[in-house]
Number of protein chains: 2
Amino acid sequence: MLSFAEENYLKTIYHLSEGTSNPVSTNAIADTLNTRAASVTDMIKKLSNKGVVTYQKYRGVRVSEEGQKAALQVIRKHRLWEVFLVQKLKFNWDEVHDVAEQLEHIKSPLLIRRLDEFLGYPKYDPHGDPIPDESGEFKAKPQVALSDCKIGHDGVVVAVKDASAAFLQYVDKIGAYIGAKIRVIDRLEFDGSLEILIDNKKTVFISKEVSENIWIEE
Amino acid sequence: MLSFAEENYLKTIYHLSEGTSNPVSTNAIADTLNTRAASVTDMIKKLSNKGVVTYQKYRGVRVSEEGQKAALQVIRKHRLWEVFLVQKLKFNWDEVHDVAEQLEHIKSPLLIRRLDEFLGYPKYDPHGDPIPDESGEFKAKPQVALSDCKIGHDGVVVAVKDASAAFLQYVDKIGAYIGAKIRVIDRLEFDGSLEILIDNKKTVFISKEVSENIWIEE
DNA sequence: TGTGTTTTTTAGGCTTGTCTAAAACACATG
DNA sequence: CATGTGTTTTAGACAAGCCTAAAAAACACA
Ligand SMILES: [Mn+2]
Ligand SMILES: [Mn+2]
Ligand SMILES: [Mn+2]
Ligand SMILES: [Mn+2]
């Protein structure tokens with residue numbers, strides 16, 4: 001059984017591993033969790049002893065098969081609770097993440113199975129991220145970041161990749177909700193910022209950073 | 001802000017104070033929480049420093065005004081989650097307590113307000129216990145334990161006072177649900193056990209201990 | 001009121017999860 | 001390939017929450 005802290009570290013390592021085959025660095029974990037490198041090293045040793053990560057001194061850390069399973073169950077819980085909060089309790093999508101960070105650690109297999117059923121077995125959370133099933137399977141929608149789109153390319157928003165309230169409120173404000181249609185009008189080579197057309201209605205300028213966090217269908 | 005452990009101690013002290021004006025003893029707390037007296041003394045000092053209990057060495061502990069407020073909010077959360085689990089997620093009443101013990105520590109005023117709304121502002125939890133409102137107000141149904149009823153007395157079950165799965169399953173089995181009509185047929189002076197008639201249908205013999213935990217309207 | 005028993009507190013220790021400071025290591029660069 | 005810089009680990013410390021064993025206080029009752 002993993003503690004809250006262990007689950008948080010494992011989930012972070014899993015997320016930092018996504019999309020690369022490289023091991024995750026101590027500093028990257030410390031930055032994400034707002035802890036110090038020394039604390040991370042301590043925790044990595046514990047996780048390694050429990051068999052959920054593999055680790056070579058100075059060489060970074062990887063999630064093991066078993067660790068991946070555990071991480072995906074925490075992610076499953078996080079995202080199911082987010083769906084619950086938005087769909088049943090009328091939370092805005094920028095209000096759910098911090099509460100889900102707490103709820104994801106509740107230990108009760110029955111609870112999460114019944115919650116899933118109650119919600120109608122949702123496949124995606126309010127931010128477009130896929131929800132793993134009980135055995136850890138999930139399928140992300142094919143997607144590409146606006147920052148990687150050519151000028152003229154268009155598509156429908158399927159996911160946003162930053163969970164901060166500030167970012168989500170901004171996305172709300174410009175109207176780039178999930179389901180909104182976006183066309184890339186122009187890119188400023190100077191700073192990578194974009195001019196985009198939203199729902200064929202209004203034109204907005206967004207920074208490179210914002211464009212890296214809004215993803216449209218591929 | 002109280003930690004999980006602090007909330008659990010405070011809630012326990014509050015419950016042990018109910019119905020008496022005496023201070024709560026160190027041993028009583030240790031027994032309830034399955035910890036040792038020494039651990040209780042340590043924690044009482046912390047709670048006392050935070051102002052949620054008043055404490056005199058060797059004289060026991062009392063919940064302060066502020067502590068009572070905090071305890072009632074934890075109890076409110078516990079009972080609202082129990083209602084959610086039974087009404088929305090189809091848990092049996094004997095399955096909810098342990099999960100609610102975890103959920104009661106989630107910190108989010110918005111969550112609990114919305115949950116209350118979602119559930120239709122319930123006044124009682126699945127075991128008949130009253131749910132405090134946001135300001136800590138609640139009203140228990142006038143009630144009396146079967147063990148305190150005279151022979152011939154009857155009434156409707158309004159609460160059960162033991163949260164253990166074993167007890168609740170037994171209550172299920174004999175059919176003494178909340179709402180069931182009970183008549184006290186006879187009492188065996190030897191061991192205080194009772195013969196009761198349930199819903200005018202069947203007669204059951206229950207131990208004194210059971211009769212102390214089933215309460216009917218007064 | 002003295003004495004034995006029970007309750008409570010103190011003393012000291014352990015684990016988890018965190019920190020700072022210092023040492024060890026890896027790696028880019030010249 | 002030596003060296004300097006940044007990264008990672010180690011060493012040592014601390015708070016929270018628990019424990020056991022021993023001391024102190026309260027209580028019961030002869
Ligand atoms: Mn989230
Ligand atoms: Mn999400
Ligand atoms: Mn309960
Ligand atoms: Mn209850």
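Residues numbered from 1 in each chain as written. Chains lettered and ligands numbered in written order. Predicted model: local features only at pLDDT ≥ 70, side-chain atom pairs only at ≥ 80, totals over all residues. Heavy atoms only, no water.

S.K.: I'd like a description of the pairing of strand β8 (residues 214–217) of chain A, backed by residues and values.
M.R.: Residue and element names in this part refer to chain A. Direction of pairing for strand β3 (residues 143–145) relative to β8: antiparallel, over a ladder of 3 bridges. When the bridges of β8 are listed, Ala145 appears paired with Trp215. Summarising the sheet, strand β4 (residues 154–160) and β8 pair through 3 bridges and their orientation is antiparallel. Paired with Val157 across the bridge in β8 is Ile216. (Pairing = 2+ DSSP bridges. Helix = DSSP H or I, 4+ residues; strand = E, 2+ residues; numbered from the N terminus.)

S.K.: Please set out the coordination of the manganese ion (ligand 2) residue by residue, giving values where relevant.
M.R.: All names here are of chain A. The protein atoms donating to the manganese ion (ligand 2) are Glu82 (OE), Asp125 (OD) and His127 (ND1), with metal-donor distances spanning 2.1 to 2.4 Å. One chain supplies every donor to the manganese ion (ligand 2), and in sequence these donors are spaced E-x42-D-x1-H. The distance between the manganese ion (ligand 2) and the manganese ion (ligand 1) is 3.5 Å, with Glu82 acting as a donor to both metals. (Donors = N, O, S within 2.8 Å, 3.2 Å for Na, K, Ca; no water.)

S.K.: Any details on the coordination of the manganese ion (ligand 4)? Residues and values, ideally.
M.R.: All names here are of chain B. At 2.2 to 2.4 Å from the manganese ion (ligand 4) lie its protein donor atoms, namely Glu82 (OE), Asp125 (OD) and His127 (ND1). Written as a sequence motif, the donor residues of the manganese ion (ligand 4) are E-x42-D-x1-H. A separation of 3.5 Å is found between the manganese ion (ligand 4) and the manganese ion (ligand 3), both of which receive a donor from Glu82. Neither Asp125 nor His127 differs from the other in exposure class; each is buried. (Buried < 20%, exposed > 50% of the residue type's maximum accessible area, 1.4 Å probe, protein only.)

S.K.: Explain the protein's contact with DNA strand C to me, and be specific about the residues and the numbers.
M.R.: Around DNA strand C sit 23 residues in total, of which A:Ser3, A:Ser39, B:Lys45, B:Tyr55 and B:Lys57 are the nearest. What you see for DNA strand C is that sugar and phosphate hold 77% of its atoms within 4 Å of the protein. In this structure, a phosphate oxygen belonging to DNA strand C sits 3.1 Å away from a main-chain N or O atom of B:Tyr58. Elements with a contribution of two residues or more to the surface near DNA strand C: α1 (4–17) and α3 (37–49) of chain A together with α2 (26–33) and α3 (37–49) of chain B. A total of 5 residues in the surface near DNA strand C trace back to one element, the largest contributor, which is α3(A). A per-class count over the surface near DNA strand C returns 9 nonpolar, 8 polar and 6 charged. (Near = heavy atom within 4 Å. Polar contact = N/O pair within 3.5 Å; in protein donor to acceptor, adjacent residues only side chain to side chain. Nonpolar A, V, L, I, M, F, W, Y, C, P; charged D, E, K, R; others polar.)

S.K.: Pulling in residues and values, what's your account of the relation of the copies chain A and chain B?
M.R.: Of the two same-sequence chains, chain A is brought onto chain B (RMSD 0.0 Å, axial shift 0.0 Å) by a rotation of 180 degrees. The superposition of one copy onto the other is thereby described by a two-fold rotation axis. Proximity to the rotation axis, assessed at the C-alpha, singles out A:Leu103 in chain A; its C-alpha lies 3.8 Å from the axis. Residue by residue, 100% of the interface of chain A is reproduced at the interface of chain B, so both copies engage with the same surface. (Least-squares fit on C-alpha atoms with pLDDT ≥ 70 in both. Contact = heavy atoms within 4.5 Å.)

S.K.: Describe the pattern of salt bridges, and please don't skip the residues or the numbers.
M.R.: Between side chains of opposite charge, a pair can form when the charged atoms approach closely. Residues and elements named next belong to chain B. Scanning the entire structure with this criterion turns up 22 salt bridges over all chains. Notably, a salt bridge pairs Glu7 with Lys107, separated by 3.3 Å at the nearest N-O pair. With Glu7 in helix α1 (residues 4–17) and Lys107 in the loop between α5 (97–103) and α6 (109–118), this pair connects stretches of sequence that are 100 residues apart. Residue Lys107 is classed as partly exposed on the basis of its relative accessible area, which comes to 25%. (Salt bridge = Lys/Arg side-chain N within 4 Å of Asp/Glu carboxyl O.)

S.K.: So what about the UniProt feature "domain: HTH dtxR-type" (unreviewed entry) in chain A? Which residues, and what values?
M.R.: Here the UniProt-annotated "domain: HTH dtxR-type" (unreviewed entry) positions come out as residues 1–64 of chain A. Taken end to end, residues 1–64 of chain A is 55% helix and 9% strand, and its first and last C-alpha atoms sit 16 Å apart. (UniProt positions renumbered as here; feature names shortened; annotations may be inferred.)

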